[in-house]
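Listed here are the chains, written in short residue letters.
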Amino acid sequence: MNYLLSPHEIEIQAKAREFAQTHVAPYVDELDREERFPVEILAKMSKEGFLGAFFPKEYGGTGGGVMDLCLVTEEIARVCCGVSTSYAANALATFPILLFGTEEQKKKYLTPVAKGEKYAAFGLTEPNAGSDAGGIQTTAVQDGDYYVLNGSKQWITNGGEAGIYTVFTMTDKSRGARGITAFIMEKETPGFGYGKKESKMGIRCSATRELSFQDCRVPAANMLGKKNMGFLVAMKTLDMSRPGVGAEALGVSQGVVDKVLDYISSASKEQRFHTSFQAIQGKLAELSTLVEASRALVYAVARAVDAGEQDLAVGSAMSKMFATDVSVKAAALAMEILGEDGARRDMGLEKMFRDAKITQIYEGTNEIQKGVIALGLVRSHRKKK
Ligand code: COS
């Protein structure tokens, strides 16, 4: 399908596709088996300018936005969703700075990420607050020109690998979601610690760790936005980042289609596919149509973000929910098409199945996305009346 990509977008897509084949594909199995963070691949990605793809030029980026992020993410995820997660987590973590940072903060913290000198991680989720983002318990108490942070975060992508963290804290518990404040924190801050890399069913090479803060003194100058407006910082960030998760799932789905087509097109299978297996043809038709529908939605939302659209919550949640649900369905359909061959580890589909399942859960479960969509629709309908 023709999505009317600009010459620049066609170029970055082709570059990312070539990169994924050359520098990611040979290591997919190894990274998955060894659960090894893909630091060498990320370093090469930064040399190609992919780490700066979603930053303005004045902060070391290439001047693209969420559409460029999605195109790169999709192509990398088509080959390995663990690598694409490690990459796209940098966008999630730096969007709060891009959206709410001062000029000084942007220069200081975005430039090293754009240049691949440091990675970034987004610290919102806690042991007792994932979906309920307003229920976080990490505290930040002012002490002169500093805030003192205490608490912990869980399931933090790029945790421990990142040098820069955007951290959400409670500064006024009595106000719930309206008492949250966001800070930028550096890895070297005394009192900051991180746990062991979690062993996961999918996206196994990506680093997921617990973070801990014990009397961490963070300069008040590192506050993002105003005091007690951190919930808004988090929500606006997630509105901007969710199409990127959609793009990861889309990449997995497209990778699944690639594998099915390769399999069916092999000399021994093609004749039978043409003549006998109409039920199997139906599965391929359904699978590939769902993938194109995901792509249309993800690209449309990415373009809306880049165009400066403000009311993004519903579309953004739809793109995340739809594309991630499709990726699980795509992997399942593909395994049904390939039969027992689909279950062979060396076929790669079972890894895609494991990876796809996680995309439904992270960066806001699909149950949460449904709530955002339904309540957002009702709210905007009420406003129009
Ligand atoms: N943009 C701007 N404002 C938003 C917003 C958005 N996308 N979403 C919510 N808000 C505002 C609301 O308008 C409301 O403002 P007022 O207090 O002025 O009325 C405020 O934020 C609180 O919103 P709400 O009442 O909807 O908050 P809830 O606590 O009921 O729940 C959800 C909000 C569930 C949507 C939120 O907690 C969420 O997104 N959770 C998932 C977080 C997540 O994705 N976690 C994964 C980890 S991050 S990798």
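Since the structure is predicted, the reported quantities are computational estimates derived from the model, not experimental observations.

**A look at the pairing of strand β7 (residues 208-219)**
Looking along a regular strand, one sees the side chains alternate between the two faces of the sheet.
Here is step 1: Summarising the sheet, strand β3 (residues 146-157) and β7 pair through nine bridges and their orientation is antiparallel. Bridging across to β7, Thr157 finds its partner in Thr208.
Here is step 2: In the sheet, strand β6 (residues 192-194) pairs with β7 via three bridges, with the strands oriented antiparallel. Paired with Gly193 across the two strands is Ser212, which belongs to β7.

**Quick notes on the site of the ligand**
Here is step 1: In the region of the ligand, 20 residues are neighbours, and Thr125, Ser131, Arg178, Asp239 and Arg242 sit closest.
Here is step 2: In this structure, Ala133 approaches the ligand through a main-chain N or O atom, which is 3.5 Å from an oxygen atom.
Here is step 3: At a separation of 2.9 Å, a nitrogen atom of the ligand approaches a polar side-chain atom of Asp239.
Here is step 4: Computed on the free molecule, the ligand has an accessible area of 1000 Å², of which 65% lies beneath the protein chains in the complex.
Here is step 5: At six residues, the largest contribution of residues to the shell around the ligand is made by helix α7 (residues 230-264).
Here is step 6: Split by residue class, the shell around the ligand holds eleven nonpolar, four polar and five charged.
Here is step 7: Split by domain, the residues of the shell around the ligand number at least three in each of domain 2 (120-228) and domain 3 (231-384).

**As for the packing of aromatic side chains**
Here is step 1: For the coordinates displayed, the defined rule picks out eleven aromatic pairs.
Here is step 2: Centre to centre, the rings of Phe19 and Phe50 are 5.6 Å apart; their planes meet at 85°, and the pair counts as edge-to-face. Here Phe19, found in helix α1 (residues 7-24), pairs with Phe50, found in the loop between α3 (39-47) and α4 (66-77); they are 31 residues apart in sequence, far enough to count as distant. Across this residue pair, the class does not change: Phe19 and Phe50 are buried.
Here is step 3: Grouped by ring-pair contacts, the aromatic residues Phe54, Phe55, Tyr87 and Phe95 constitute a single cluster.
Here is step 4: One Lys or Arg, Arg217, reaches over the ring of Tyr146 and ends 5.0 Å from the middle of that ring.

**A closer look at the domain arrangement of the chain**
Here is step 1: With domains assigned, the chain is organised as domain 1 (7-114), domain 2 (120-228) and domain 3 (231-384).
Here is step 2: Measuring from the centre of the C-alpha atoms in domain 1 to the corresponding centre in domain 2 gives 22 Å.
Here is step 3: Taken together, the contacts link 27 residues of domain 1 with 24 residues of domain 2.
Here is step 4: With both chains or domains summed, domain 1 and domain 2 bury close to 2000 Å², and 65% of this area falls on carbon and sulfur atoms.
Here is step 5: Our count for the domain 1 to domain 2 interface comes out at three salt bridges.
Here is step 6: For Arg204, the salt bridge is made with Asp32, and the minimal N-O distance between the two is 3.5 Å.
Here is step 7: Our enumeration of links across domain 1 and domain 2 arrives at eleven residue pairs in polar contact (both at pLDDT 80 or more).

**Focus: unusual backbone geometry**
Here is step 1: Backbone geometry at Leu4 places phi at a positive 50°, although glycine is not the residue there.
Here is step 2: Mapping Leu4 onto the fold places it in the segment before α1.
Here is step 3: Positive phi, close to 50°, is recorded for Glu35, a residue that is not glycine.
Here is step 4: Structurally, Glu35 is set in the loop between α2 (28-34) and α3.

**Things to note about the side chain of Ser46**
Here is step 1: Relative to the helices and strands, Ser46 is located in helix α3.
Here is step 2: One polar contact links the side chain of Ser46 to the main-chain carbonyl oxygen of Ala43, over a distance of 2.8 Å.
Here is step 3: Not counting residues within four places of it along the chain, the set of residues in contact with Ser46 comprises Leu51, Lys115 and Gly116.

**Comments concerning the pattern of salt bridges**
Here is step 1: All told, the structure shown has 27 salt bridges when counted by the stated rule.
Here is step 2: For Arg36, the salt bridge goes to Glu30, with nearest N and O atoms at 2.5 Å.
Here is step 3: The class for Glu30 is partly exposed, based on a relative accessible area of 29%.
Here is step 4: Two residues, Lys283 and Glu336, come together in a salt bridge whose shortest N-O distance is 2.8 Å. Taken together, the residues span a long stretch of sequence, with Lys283 in helix α9 (residues 278-306) and Glu336 in helix α10 (residues 313-338) at a distance of 53 residues.

**Section: the nonpolar core**
Here is step 1: Residues Met45, Tyr87, Leu149, Val256 and Leu287 are the most contacted members of the largest nonpolar core, which totals 112 residues.
Here is step 2: Here the element with the most residues in this core is α7; it accounts for 14 residues.
Here is step 3: Dropping the residues within four chain positions of it, Tyr87 is found in contact with Leu42, Met45, Phe50, Leu51, Ala53, Phe54, Leu69, Val72 and Thr73.

**Examining the side chain of Thr181**
Here is step 1: Within the element layout of this structure, Thr181 appears in strand β5 (residues 180-186).
Here is step 2: Looking at Thr181, the relative accessible area reads 0%, which means it is buried.
Here is step 3: Here Thr171 takes part through its side chain, which lies 2.5 Å from a polar atom of the side chain of Thr181.
Here is step 4: A polar contact is formed between the side chain of Thr181 and the backbone nitrogen of Asn228, at a distance of 2.8 Å.
Here is step 5: In this view, Thr181 contacts Val167, Phe168, Thr169, Thr171, Met223, Lys226, Lys227, Asn228 and Gly230; residues no more than four positions away in its chain are not counted.

What counts and how
- Residues numbered from 1 in each chain as written.
- Predicted model: local features only at pLDDT ≥ 70, side-chain atom pairs only at ≥ 80, totals over all residues.
- Heavy atoms only, no water.
- Pairing = 2+ DSSP bridges.
- Helix = DSSP H or I, 4+ residues; strand = E, 2+ residues; numbered from the N terminus.
- Near = heavy atom within 4 Å.
- Polar contact = N/O pair within 3.5 Å; in protein donor to acceptor, adjacent residues only side chain to side chain.
- Areas by Shrake-Rupley, 256 points an atom, 1.4 Å probe, with all protein chains shown as cover.
- Nonpolar A, V, L, I, M, F, W, Y, C, P; charged D, E, K, R; others polar.
- Domains from an automatic or database assignment.
- Phe/Tyr/Trp six-rings, centres within 6.5 Å; stacked < 30°, edge-to-face > 60°.
- Buried < 20%, exposed > 50% of the residue type's maximum accessible area, 1.4 Å probe, protein only.
- Lys NZ or Arg CZ within 6 Å of the ring centre and 35° of its normal.
- Contact = heavy atoms within 4.5 Å.
- Buried area = accessible area lost by both parts, 1.4 Å probe.
- Salt bridge = Lys/Arg side-chain N within 4 Å of Asp/Glu carboxyl O.
- Core = buried A, V, L, I, M, F, W, Y, C linked by side-chain atoms within 4.5 Å.

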